[in-house]
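Here is how the chains run, residue by residue.
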Amino acid sequence: MKLSKQQKNKAFTIIEALVAIMILSVSVAGMLGVTASSATSARYANNEITANYLLQEAIDSVRNSRDTIAFQMKNTTGGWLVFLNRYGYGANSKCFIANGCMLKMDSFDASLLSGNDIISCPNSGCQSLSYDSSASSQLFYQYSTGNPTSFVRTVKMVVTPTNTDEVKVTATVDWLNGSSSRSRSLEIYLLDWQK
Amino acid sequence: MKNNNQKIKYDKGYAILFTVVVVGIISMITIGLSNAAYKQIILSSVAKDSTTAFYQSDIASECALYADNTYNMVPPSNPWTCAGNSLSFPAGVSLGGVTTYNIDPAGTNGTSINKCFRITATKSIVLDTITTDIQAKGYNICNMSNSRTVERAIQINY
């Protein structure tokens, strides 16, 4: 039986629509996957940069203390041991214990010989940093005000047994990227080269 | 009858064409988003590598300053341990009143190329005035032959 042209075209529209829906579904599903993965990557990159600056802030703060107390105040009330003791060397506390310490940047003063701006971390770990984006805030990441974040910064210090003029400072930032935990560390050695 | 035939003829492929156009637009948006995320990852990776390299050069400069101020570039032992590295101090090479010291860590894995930093120090004496120049170079990965190695340097003059 010979089919007319109209009969041949009868099922074309439905087949075409089905093919179109299939292509659209597959491509949209794929694109959604890629977009979700991009969003995760962007959040990871953002957190990585934040962690990087938090590490630098901690390391440079300790270094600022060394330069101020051990070097600039050397002939007055300062000195290398006074600098180390500020961070808990003599009392074997604060940054010189296994749990490490927190630097409270909202009250941090590099020239303080002792103070509450450096706190020992408990066995449960250091407190997580809060983020305060308000205009009145001097610092974005701190412990006093703002919304809690997953960033936890720990600072640890160890004096080299063979050379007490040398101290190793390690800052670690742990955070959550979605449900997976991430960690970054930065270390520096400070020496008493102005003794 | 003729009109219906003509309509089907005109509608042929319209759904596919429409789909291809929509998929194309979505693809463009997705590629744009992915590209932005990829660049952010590159940026964060570069920031991380650069920071690591910079603090390695900082460690190197601390060691060089300590070696010069405490031992006048002749430490009590050779190699001398500083910042967890075993530093070899070859005798300074003097040329026209300028003495150059190339201070290198022994390197990890026992090879000569795997160093996290390098120090070049020069001391020149002109009319009893000693001028010291320290160049400390740090690397993000302790393998100087790796193409991903980032170098940052600190120069100190006094």
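One can find the structure itself at the top, above this paragraph.
Novice: Please explain the interface of chain A and chain B as it appears in this structure.
Specialist: A common way to state how big an interface is: give the accessible area lost once the parts meet. Chain A puts 39 residues into the contact, and the matching count from chain B is 38 residues. Connecting chain A to chain B are three salt bridges. Applying the counting criterion to the chain A and chain B interface returns 15 residue pairs in polar contact (both at pLDDT 80 or more). Elements that contribute at least two residues to the side of chain A that touches chain B include exactly α1 (5-9), α2 (12-72) and β7 (180-191) of chain A.

Novice: Is there a simple way to explain the environment of Asn64(A) in this structure?
Specialist: Looking at the element boundaries, Asn64(A) is found in helix α2. Once the C-alpha coordinates of Asn64(A) and Val19(A) are considered, the two residues, 45 residues apart in sequence, prove to be 67 Å apart.

Novice: Can you walk me through the environment of Cys82(B) in this structure?
Specialist: With respect to the element layout, Cys82(B) can be found in strand β1 (residues 80-82). Note on Cys82(B): relative accessible area 0%, which makes it buried. Each C-alpha atom of the pair Cys82(B) and Ile125(B) lies 27 Å from the other, and the pair is 43 residues apart in sequence. Ignoring anything within four residues of it in the chain, the contact list for Cys82(B) reads Glu166(A), Leu191(A), Cys63(B) and Leu87(B).

Novice: Got a minute to help me understand the packing of aromatic side chains in this structure?
Specialist: Given two aromatic rings, their pairing is described by the distance between the two centres and the angle made by the two planes. Residues and elements named next belong to chain A. Throughout the structure, instances matching the rule amount to 14 aromatic pairs over all chains. Plain terms: the ring middles of Tyr 89 and Phe 96 are 5.2 Å apart, the flat faces sit at 55 degrees to each other, and that makes the pair tilted. Of the residues examined, Tyr 89 reaches a relative accessible area of 29% and is grouped as partly exposed. The structure contains a cluster of three or more aromatic residues connected by ring pairs, namely Tyr 131, Phe 140, Tyr 141, Phe 151 and Trp 175. The ring of Phe 108 carries Arg 86 above its face, with NZ or CZ at 5.0 Å from the centroid.

Novice: Looking at this model, I keep getting lost on helix α2 (residues 14-71) of chain B. Mind explaining?
Specialist: An α-helix turns once every 3.6 residues. As a result, residues three or four positions apart point the same way. With 58 residues, α2(B) extends 84 Å from end C-alpha to end C-alpha; this agrees with the ideal 86 Å at 1.5 Å per step. Of the residues flanking the end of α2(B), it is Asn72(B), one or two places downstream, whose phi is positive at about 50 degrees.

Novice: Looking at this structure, I do not really get unusual backbone geometry. What am I missing?
Specialist: Excluding glycine, most residues fall at negative phi; most peptide bonds, likewise, are trans. All names here are of chain B. Cis peptide bonds are those with omega within 30 degrees of zero, and the linkage from Asn 78 to Pro 79 qualifies with 5 degrees. At Asn 72, a residue that is not glycine, the phi angle is positive and equals roughly 50 degrees. Within the element layout of this structure, Asn 72 appears in the loop between α2 and β1.

Novice: What exactly am I supposed to notice about the nonpolar core here?
Specialist: Soluble, globular proteins show a tendency: their nonpolar side chains are buried together. Residue and element names in this part refer to chain A. Ranked by internal contacts, the top residues of the largest apolar core, which has 69 residues, are Val 62, Phe 83, Tyr 87, Leu 103, Met 157, Val 167 and Val 169. Residue contributions to this core peak at ten residues, all from α2. The contacts of Met 157, once residues within four sequence positions are left out, are Val 62, Phe 83, Tyr 87, Cys 95, Phe 96, Val 167, Lys 168 and Val 169.

Novice: Please clarify how the side chain of Arg66(A) should be interpreted in this entry.
Specialist: With respect to the element layout, Arg66(A) can be found in helix α2. Among the polar contacts made by the side chain of Arg66(A), one reaches the main-chain carbonyl oxygen of Leu191(A) at a distance of 2.8 Å. Setting aside chain neighbours within four positions, we find Arg66(A) in contact with Phe71(A), Trp80(A), Phe83(A), Leu190(A), Leu191(A), Trp193(A) and Glu62(B).

Novice: Before we go on, may I ask you to explain the state of the cysteines in this structure?
Specialist: Two cysteines form a disulfide when their sulfur atoms are joined by a covalent bond. Across all of its chains, the model carries four disulfides over all chains by this definition. The disulfide partner of Cys95(A) is Cys101(A), and the S-S distance across this bridge is 1.9 Å. Its S-S torsion of approximately 75 degrees makes the covalent link between Cys95(A) and Cys101(A) right-handed. Judged by relative accessible area, which is 1%, Cys95(A) ranks as buried. Here Cys116(B) pairs with Cys142(B) through a disulfide, and the sulfurs are 1.7 Å apart. Here the S-S torsion is close to 90 degrees, and the disulfide linking Cys116(B) with Cys142(B) is therefore right-handed. With Cys116(B) in the loop between β4 (98-105) and β5 (117-126) and Cys142(B) in the loop between β6 (129-139) and β7 (151-157), this residue pair connects regions lying 26 residues apart in the sequence. The exposure class assigned to Cys116(B) is buried, which follows from its relative accessible area of 10%. With its disulfide-bonded cysteines labelled consecutively along the sequence, chain B is connected as 1-2, 3-4.

Rules used in this analysis
- Residues numbered from 1 in each chain as written.
- Chains lettered and ligands numbered in written order.
- Predicted model: local features only at pLDDT ≥ 70, side-chain atom pairs only at ≥ 80, totals over all residues.
- Heavy atoms only, no water.
- Contact = heavy atoms within 4.5 Å.
- Salt bridge = Lys/Arg side-chain N within 4 Å of Asp/Glu carboxyl O.
- Polar contact = N/O pair within 3.5 Å; in protein donor to acceptor, adjacent residues only side chain to side chain.
- Helix = DSSP H or I, 4+ residues; strand = E, 2+ residues; numbered from the N terminus.
- Buried < 20%, exposed > 50% of the residue type's maximum accessible area, 1.4 Å probe, protein only.
- Phe/Tyr/Trp six-rings, centres within 6.5 Å; stacked < 30°, edge-to-face > 60°.
- Lys NZ or Arg CZ within 6 Å of the ring centre and 35° of its normal.
- Expected span 1.5 Å × (residues − 1).
- Core = buried A, V, L, I, M, F, W, Y, C linked by side-chain atoms within 4.5 Å.
- Disulfide = S-S within 2.5 Å.

Distances and angles like these do not, on their own, reveal function.
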